[in-house]
Amino acid sequence: MLNKKQIRFCLDEIANMFPDAECELTHRNPFELVIAVLLSAQCTDALVNKVTKELFKKYKTPEDYLSVSLEELQHDIRSIGLYRNKAKNIQKLCKVLLEEYGGEVPRTKEELVKLAGVGRKTANVVASVAFGEPAIAVDTHVERVSKRLGICRWKDSVLEVEETLMKKVPKDEWSVTHHRLIFFGRYHCKSKNPNCPECPLLELCREGQKRMKNRETI
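No experiment lies behind these values; they were computed from the predicted model shown.

Conventions and cut-offs
Residues numbered from 1 in each chain as written. Predicted model: local features only at pLDDT ≥ 70, side-chain atom pairs only at ≥ 80, totals over all residues. Heavy atoms only, no water. Helix = DSSP H or I, 4+ residues; strand = E, 2+ residues; numbered from the N terminus. Buried < 20%, exposed > 50% of the residue type's maximum accessible area, 1.4 Å probe, protein only. Lys, Arg positive; Asp, Glu negative; His and termini not counted. Salt bridge = Lys/Arg side-chain N within 4 Å of Asp/Glu carboxyl O. Polar contact = N/O pair within 3.5 Å; in protein donor to acceptor, adjacent residues only side chain to side chain. Contact = heavy atoms within 4.5 Å. pLDDT = per-residue confidence, 0-100. Axes fitted to C-alpha atoms, helices over the stretch in contact; angles between N-to-C directions. Parallel < 35°, antiparallel > 145°, perpendicular 65-115°, else oblique. Nonpolar A, V, L, I, M, F, W, Y, C, P; charged D, E, K, R; others polar.

1. Remarks on the side chain of D139
- Structurally, D139 is set in the loop between α8 (120-131) and α9 (140-149).
- The buried charged residue D139 lacks any salt bridge, with R186 as its nearest oppositely charged partner at 4.9 Å.
- A distance of 3.1 Å separates the side chain of D139 from the backbone nitrogen of H141, its partner in a polar contact.
- Those residues in contact with D139 that lie beyond four places of it in its chain are K121 and I182.

What follows is the structure, encoded as structure tokens:
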């Protein structure tokens with residue numbers, strides 16, 4: 001496990017690599033962001049953006065999503081994985097927004113997680129990106145990078161990873177660290193082919209050092 005000084009070094013180096021990291025899901029308001037993040041489960045942001053480009057022209061309000069049949073909405077998002085279930089959740093979510101929140105997206109994580117299809121990760125993303133609330137959303141990239149670097153333990157659950165990062169990263173850096181870790185995992189420390197040879201964190205990364213040794217023995 002990395003100590004406080006080593007974690008600071010990692011955060012600073014990743015910040016140097018991806019100073020402009022931000023949410024890559026295209027959206028114009030909190031409502032579109034909720035829909036986009038819901039659609040992004042087990043799916044790439046690039047594909048979601050491709051689908052929402054047309055989707056957000058047709059559907060602009062919760063009422064719009066409820067004015068069509070479930071089958072029509074499913075058809076409009078059919079290229080996205082789990083589209084049947086996601087379409088159901090979108091309509092359930094929109095119904096609750098209208099009935100309980102006047103059609104507006106609630107601002108707190110506690111209220112967001114009660115919405116259909118909105119888990120802890122989605123709530124953190126929306127609270128952070130849409131409303132500026134400090135949060136660290138743990139997706140596959142954040143989890144992988146945190147464990148590879150030794151900031152968290154391999155056996156940690158997603159919730160434990162989130163809690164550990166919240167303890168070890170200054171609160172005013174939570175949101176930007178979330179985006180930077182995603183970029184680092186998406187474009188550098190990839191799942192199948194991490195760029196260990198050119199990584200500025202290699203000297204601290206036991207996982208990377210193991211991979212480099214394995215390369216040398218092949």
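2. Things to note about the confidence of the model for the protein chain
- Per-residue confidence for the protein chain averages 95 on the pLDDT scale, and 99% of its residues sit at or above 70.
- The lowest-confidence element of the protein chain is helix α12 (residues 206-217), averaging 85 in pLDDT; the highest-confidence one is helix α4 (residues 62-66), averaging 98.

3. Quick word on the pattern of salt bridges
- According to the stated counting rule, one finds 14 salt bridges in the structure shown.
- For E143, the salt bridge identified is with K147, shortest N-O distance 2.9 Å. Taken together, the residues span about one helical turn, with E143 and K147 both in helix α9 at a distance of four residues.
- A residue is classified by how much of its surface remains accessible, and E143, at 21% relative accessible area, is partly exposed.
- Residue K147 is classed as buried on the basis of its relative accessible area, which comes to 8%.
- The network of salt bridges with shared partners includes R8, D12 and E173.

4. Notes on the packing of α9 against helix α11 (residues 174-187)
- Taken N-terminus to C-terminus, the directions of α9 and α11 make an angle of 80°; their axes are 8 Å apart at the nearest point. In terms of axis orientation, α9 runs roughly perpendicular to α11. Two secondary-structure elements touch here, α9 through H141, V142, R144, V145 and S146 and α11 through H178, L181, I182, F184, G185 and R186.
- Taken together, the residues that form the contact of α9 with α11 break down as five nonpolar, four polar and two charged.

5. Quick word on unusual backbone geometry
- Here the phi dihedral of Q42 falls at roughly 55°; this positive angle occurs in a residue that is not glycine.
- Here Q42 lies in the loop between α2 (30-39) and α3 (45-58).
- Residue classification places Q42 among the exposed positions, given a relative accessible area of 76%.
- For L82, which is not glycine, the phi dihedral falls at a positive 60°.
- Mapped onto the elements, L82 comes out in the loop between α5 (70-76) and α6 (83-100).

6. Topic: the packing of helix α1 (residues 4-17) against α11
- In the contact formed by α1 and α11, the axes pass within 10 Å of each other and the chain directions differ by 70°. The orientation of α1 with respect to α11, classified from their angle, is roughly perpendicular. Where α1 approaches α11, its residues L11, I14, A15 and M17 are matched on the opposing element by T177, R180, L181 and F184.
- Of the residues belonging to the contact of α1 with α11, the class tally is six nonpolar, one polar and one charged.

7. Here's the deal with α9
- Among the ten residues that make up α9, eight are buried, leaving the element largely enclosed by the rest of the structure.
- Buried within α9 we find H141, V142, R144, V145, S146, K147, R148 and L149.
- The N-capping residue of α9, defined by a side-chain oxygen 3.1 Å from the backbone nitrogen of H141, is D139.
- Phi turns positive one or two residues past the end of α9, at G150, with a value near 90°.

8. Details of the side chain of H141
- Considering the arrangement of structural elements, one finds H141 in helix α9.
- Residue classification places H141 among the buried residues on the basis of a relative accessible area of 17%.
- Other than its neighbours up to four places away in sequence, H141 contacts L181, I182, G185 and R186.

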